[in-house]
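Listed below, chain by chain, are the residues.
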Amino acid sequence: MLTPLASLRTGLELRLTVESRAWLHRALAEAADTKTGAGTTASATGADTTASATGPGTAENTAGPRGLPAWELHFVTAGRNCRPAERHAQAGHDVVDAVRVLLLHAAAPGTDTVVRLYERGSADERRAVLLALPHLDPPPGTPRALALVEDALRTNDTRLVAAALGPYAATHLDAHQWRQGVLKCLFTGVPVDAVAGLEHRAAGDGELARMLTDYARERSAAGRTVPEDLHRVLRLARFENT
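The shown structure was predicted, so the numbers you read here are calculated from the model rather than taken from an experiment.

Rules used in this analysis
Residues numbered from 1 in each chain as written. Predicted model: local features only at pLDDT ≥ 70, side-chain atom pairs only at ≥ 80, totals over all residues. Heavy atoms only, no water. Phe/Tyr/Trp six-rings, centres within 6.5 Å; stacked < 30°, edge-to-face > 60°. Helix = DSSP H or I, 4+ residues; strand = E, 2+ residues; numbered from the N terminus. Buried < 20%, exposed > 50% of the residue type's maximum accessible area, 1.4 Å probe, protein only. Lys NZ or Arg CZ within 6 Å of the ring centre and 35° of its normal. Axes fitted to C-alpha atoms, helices over the stretch in contact; angles between N-to-C directions. Contact = heavy atoms within 4.5 Å. Nonpolar A, V, L, I, M, F, W, Y, C, P; charged D, E, K, R; others polar. Salt bridge = Lys/Arg side-chain N within 4 Å of Asp/Glu carboxyl O. Core = buried A, V, L, I, M, F, W, Y, C linked by side-chain atoms within 4.5 Å. Arc of directions from axis to C-beta. pLDDT = per-residue confidence, 0-100. Parallel < 35°, antiparallel > 145°, perpendicular 65-115°, else oblique. Left-handed = near helix turned anticlockwise from the far one by under 90°. Expected span 1.5 Å × (residues − 1). Polar contact = N/O pair within 3.5 Å; in protein donor to acceptor, adjacent residues only side chain to side chain.

**Q** Explain the packing of aromatic side chains here, please?
**A** In this description, an aromatic ring pair is defined by two values, namely the gap between the centres and the angle between the planes. Applying the stated criterion across every chain yields a total of one aromatic pair. With 4.9 Å between their ring centres and 75 degrees between their planes, F187 and Y215 make a pair best called edge-to-face. Here F187, found in helix α10 (residues 175-188), pairs with Y215, found in helix α12 (residues 206-221); they are 28 residues apart in sequence, far enough to count as distant. You can call Y215 buried: its relative accessible area is 10%. Directly above the ring of F75 sits R100, whose terminal nitrogen or CZ lies 5.5 Å from the centroid.

**Q** When you look at the packing of helix α5 (residues 111-120) against helix α6 (residues 123-132) in this model, what are you seeing that I'm missing?
**A** Each packed pair of helices is defined by two parameters, the angle between the axes and the distance between the axes. Between α5 and α6, whose axes approach to 7 Å, the crossing angle comes to 145 degrees. Taking contact as the criterion, the partners of V114, L117, Y118 and E119 in α5 are, on α6, R126, V129 and L130. Classifying every residue of the contact of α5 with α6 by side-chain character gives five nonpolar, no polar and two charged.

**Q** Just checking my understanding: could you explain the pattern of salt bridges for this structure?
**A** Here the idea is simple: oppositely charged side chains can pair when their charged atoms come close. This model, assessed by the stated rule, comprises 15 salt bridges. For the salt bridge of R127 with D97, the shortest nitrogen-to-oxygen distance reads 2.6 Å. Within this pair, whereas R127 is found in helix α6, its partner D97 is found in helix α4 (residues 92-107), the two being separated by 30 residues in sequence. The partner of R235 in a salt bridge is E228, and the shortest N-O contact between them spans 3.4 Å.

**Q** Just checking my understanding: could you explain the nonpolar core for this structure?
**A** The nonpolar side chains of soluble globular proteins are, as a tendency, buried together. The biggest cluster of nonpolar side chains holds 70 residues, and the ones touching the most others in it are L130 and V149. V149 has contacts with L130, L133, A164, Y168, A169 and L173, leaving out every residue within four places of it along the chain.

**Q** Quick question: what am I supposed to make of helix α13 (residues 228-237) here?
**A** Because the α-helix completes a turn every 3.6 residues, residues three or four places apart line up on one side. Among the residues of α13, L230, V233, L234, L236 and A237 are the ones counted as buried. Viewed along the axis of α13, the buried residues span an arc of 155 degrees, placing them on a single side of the element. The elements touched by buried residues of α13 are α10, α11 (198-202) and α12. Count one or two residues on from α13 and you reach F239, which has phi positive near 60 degrees.

**Q** Would you take a moment to explain the confidence of the model for the protein for this structure?
**A** Close reading of the predicted structure is inappropriate where its pLDDT is low. Looking at the protein as a whole, its pLDDT mean stands at 87, while 84% of the residues score no less than 70. For residues 38-61, every residue scores under 50 in pLDDT, and the model assigns this stretch 51 contacts once sequence neighbours within four places are set aside.

**Q** Just checking my understanding: could you explain the packing of α5 against helix α7 (residues 142-153) for this structure?
**A** Two elements in contact, α5 and α7, have axes separated by 10 Å at closest approach and are oriented at 15 degrees. Here α5 is positioned roughly parallel relative to α7, judged by the angle of their axes. Note on packing geometry: the crossing formed by α5 with α7 is left-handed. Listed contacts from α7 to T111, D112, V114, V115 and Y118 of α5 are R144, L148, D151 and A152. Classifying every residue of the contact of α5 with α7 by side-chain character gives five nonpolar, one polar and three charged.

**Q** Even after reading the chapter, I still don't get α10, so can you show me in this structure?
**A** Relative to the 20 Å expected for 14 residues at 1.5 Å per residue, α10 spans 20 Å between its end C-alpha atoms, a close match to the ideal helical length. For α10, the set of buried residues is W178, R179, G181, V182, L183, K184, C185 and L186. Residues of α10 that are buried sit in contact with α7, α8 (158-164), α9 (167-172), α11, α12 and α13. Of the residues that open α10, the one with a side-chain oxygen 3.2 Å from the backbone nitrogen of H176 is D174. In the stretch just after α10, G189 is the one whose phi turns positive, near 85 degrees.

And the structure:
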């Protein structure tokens, strides 16, 4: 299920320190200036375009020390600048994920920027890009966005795998890639609760049922435990009561 951005921001601000909340407001304002001004914006095709104006809010005026728009530097440094309040200390990763998703939405980057942030980013930054995909307006070009999802599913980073199988994948991944993603969860121990739209897409999927049955048989033959999540998905694929 896709969390509305207003709810995401409200929940985030309640968990931040006062200093981090102030940083967030400033960072989001600068990202929004990039979107509404003459900075890097998204064209109708999803590619980046840079306007020539040089007034307030332009990419030139908001550039950081590395020549990047200020919001991109905020995206990279969010982990250092946005910290949860002490009573929410265990929510560190979730807080930074939410900050980065909100920054991406506010800046409305084109497909080129989205892809670059993923390809050059740390594992945490890549995860945030994946989580942001269904929130971006305009949306990134589908083939290139799906390539990011597929890249994440080829890794053994469980947090990337979980993020890759969010609402964007539920809507856009084809049946074969989606089934492989479900199996990847079972291989790597990612709970299938992370798979957005699981009940809808798995329901009555005979090919998925066959793949799961084969996998369960292989594990049993090797004397290994068959995970309960496999039985759960198999019941969905067979239309059995859960």
